[in-house]
Amino acid sequence: MKTIIVTGGAGYIGSHTLIELLNKTDYNIVSIDNFSNSAANSYDRVKALTKREFQTINIDLCNENDLRQNLSNVKDILGIIHFAAFKSVPDSMADPVLYYWNNINSLTNLLKYAKEKQIKNFIFSSSCSVYGNADELPVTEETLLKKAESPYGHTKQIGEDIIEFFSKSNPWLNAVILRYFNPVGAHLSGTNGESPINKPNNLVPIITQTAVGKNSLTVFGNDYSTPDGYCVRDYIHVTDIADAHIKAFEYLVKQKNKKKVSLFNLGTGKGVSVLEVIKSFEKVSKTKLNYTVGPRRAGDVVAVYCDNTLARTELGWTPEFDLDNMMLTAWKWQQNLENN
Ligand code: UD1
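Here the structure is a predicted model, which means the values were calculated and not measured. (Residues numbered from 1 in each chain as written. Predicted model: local features only at pLDDT ≥ 70, side-chain atom pairs only at ≥ 80, totals over all residues. Heavy atoms only, no water.)

Caption draft 1: Seen up close, the nonpolar core. Core analysis: the largest hydrophobic core is formed by 59 residues, its most contacted members being I29, L178, Y235, V277 and M327. Sort the elements by how many residues they give to this core and helix α8 (residues 238–253) lands first, with 8 residues. In terms of nonpolar packing, the next biggest core, distinct from the first, is built from 27 residues, I5, I57, I80 and L107 among them. (Core = buried A, V, L, I, M, F, W, Y, C linked by side-chain atoms within 4.5 Å. Buried < 20%, exposed > 50% of the residue type's maximum accessible area, 1.4 Å probe, protein only. Helix = DSSP H or I, 4+ residues; strand = E, 2+ residues; numbered from the N terminus.)

Now the structure itself:
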């Protein structure tokens with residue numbers, strides 16, 4: 001059986017994708033993670049949900065020698081799904097060099113490795129942050145990219161360019177770039193979800209932690225030029241994002257791709273404000289959320305949501321879960337954490 005290498009497999013989207021890969025395919029899976037913002041018990045949750053074994057390697061992808069040495073026994077690699085990266089907009093504003101160093105070195109090392117081994121299929125985690133403050137919404141894959149609002153977003157723009165240029169001089173490579181909008185929620189069982197070891201910066205884990213008294217939510221601005229004054233995002237269930245990776249991988253393996261590098265937006269296509277997220281959470285959790293409204297956060301775009309037609313038609317992907325389900329599963333996961 002052929003092998004898929006998943007980097008960042010202990011992380012939020014990575015672990016949900018491991019679950020889908022192990023449950024829905026027969027591939028041999030090798031996960032690489034250095035637990036920079038996750039913990040090894042994430043793998044235990046994946047194993048409990050899939051009843052399948054997979055190999056795990058604890059290395060920093062920025063160390064090229066470690067990568068080569070630790071993968072020397074892994075044979076028959078069909079492809080790489082590359083999640084491992086730093087992902088916080090505010091942290092990237094505070095320490096840009098760290099973000100450029102980590103997110104770009106890990107990618108270039110992996111591509112060098114892919115070239116050495118002639119690994120033909122590559123999936124890259126990009127982000128809607130590449131659009132910056134787009135002139136027109138919804139954004140399609142053809143929308144002109146504006147200047148990134150944060151170093152995090154810029155590392156994703158650069159990552160996409162690296163893959164495009166790499167593929168021109170290495171035409172054996174077939175790549176899919178997936179631009180995630182805002183992945184939230186947890187596995188439907190409530191037994192796997194976002195569990196950063198560092199303090200979370202993302203809205204939904206902060207909401208659920210606030211509801212159990214472990215955090216306090218400050219909403220970053222309600223004076224934006226949006227219908228209710230709050231920032232607008234396209235929230236998408238993490239299991240829908242995970243499922244898109246299975247479809248994207250099969251798209252490459254079955255050679256359905258029309259281009260060497262294919263780009264897809266992964267969102268529901270619906271713009272939702274921070275206030276609407278809070279209201280949905282309050283409704284499904286039957287919990288009143290105490291929060292304050294503070295100043296805007298540096299690096300935030302005002303509004304972004306996508307046209308997902310291309311992913312629907314080309315990949316045959318359909319997002320299944322709505323905002324209430326995203327909030328309900330995130331809440332189930334938080335309660336699970338409280339009880340264990
Ligand atoms: C960004 C990327 C997204 C990526 C994510 C990874 C954009 C547009 N999106 O999401 O693709 O997956 O980083 O981290 O760049 N908020 C508060 N209070 C808080 C936290 C957040 O009001 O304490 C608000 C933010 O201002 C924003 C919304 O909630 O309007 C979502 O923020 P967050 O969850 O941090 O994600 P983004 O920064 O939008």
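Caption draft 2: Structural detail: the site of the ligand. Near the ligand, the surroundings consist of 26 residues, among which K87, L203, T218, R233 and D300 are the closest. F181 places a polar main-chain atom, nitrogen or oxygen, 3.1 Å from an oxygen atom of the ligand. The protein chains hide 94% of the 740 Å² of surface that the ligand would expose on its own. Of all the elements, strand β8 (residues 217–220) adds the most residues to the shell around the ligand, at 4 residues. (Near = heavy atom within 4 Å. Polar contact = N/O pair within 3.5 Å; in protein donor to acceptor, adjacent residues only side chain to side chain. Areas by Shrake-Rupley, 256 points an atom, 1.4 Å probe, with all protein chains shown as cover.)

Caption draft 3: Structural view of the packing of helix α7 (residues 203–211) against helix α9 (residues 274–285). Relative orientation of the contacting elements α7 and α9 amounts to 40°, with a least axis distance of 11 Å. When the axis of α7 is compared with that of α9, the two are oblique. Between α7 and α9 lies a crossing whose hand is right-handed. In contact with L203, V204, I207, T208 and A211 of α7, α9 contributes V274, V277, I278 and F281. (Axes fitted to C-alpha atoms, helices over the stretch in contact; angles between N-to-C directions. Parallel < 35°, antiparallel > 145°, perpendicular 65-115°, else oblique. Left-handed = near helix turned anticlockwise from the far one by under 90°. Contact = heavy atoms within 4.5 Å.)

Caption draft 4: Structural context of unusual backbone geometry. Omega for the peptide link from L137 to P138 comes to -5°, which places this bond in the cis form. Within the element layout of this structure, P138 appears in the loop between β5 (121–127) and α6 (151–169). One non-glycine residue, Q118, lies in the positive phi region at around 55°. Looking at the secondary structure, you find Q118 in the loop between α5 (96–117) and β5. In this structure Q118 comes out as partly exposed when scored by relative accessible area, which is 38%. At K286, a residue that is not glycine, the phi angle is positive and equals roughly 55°.

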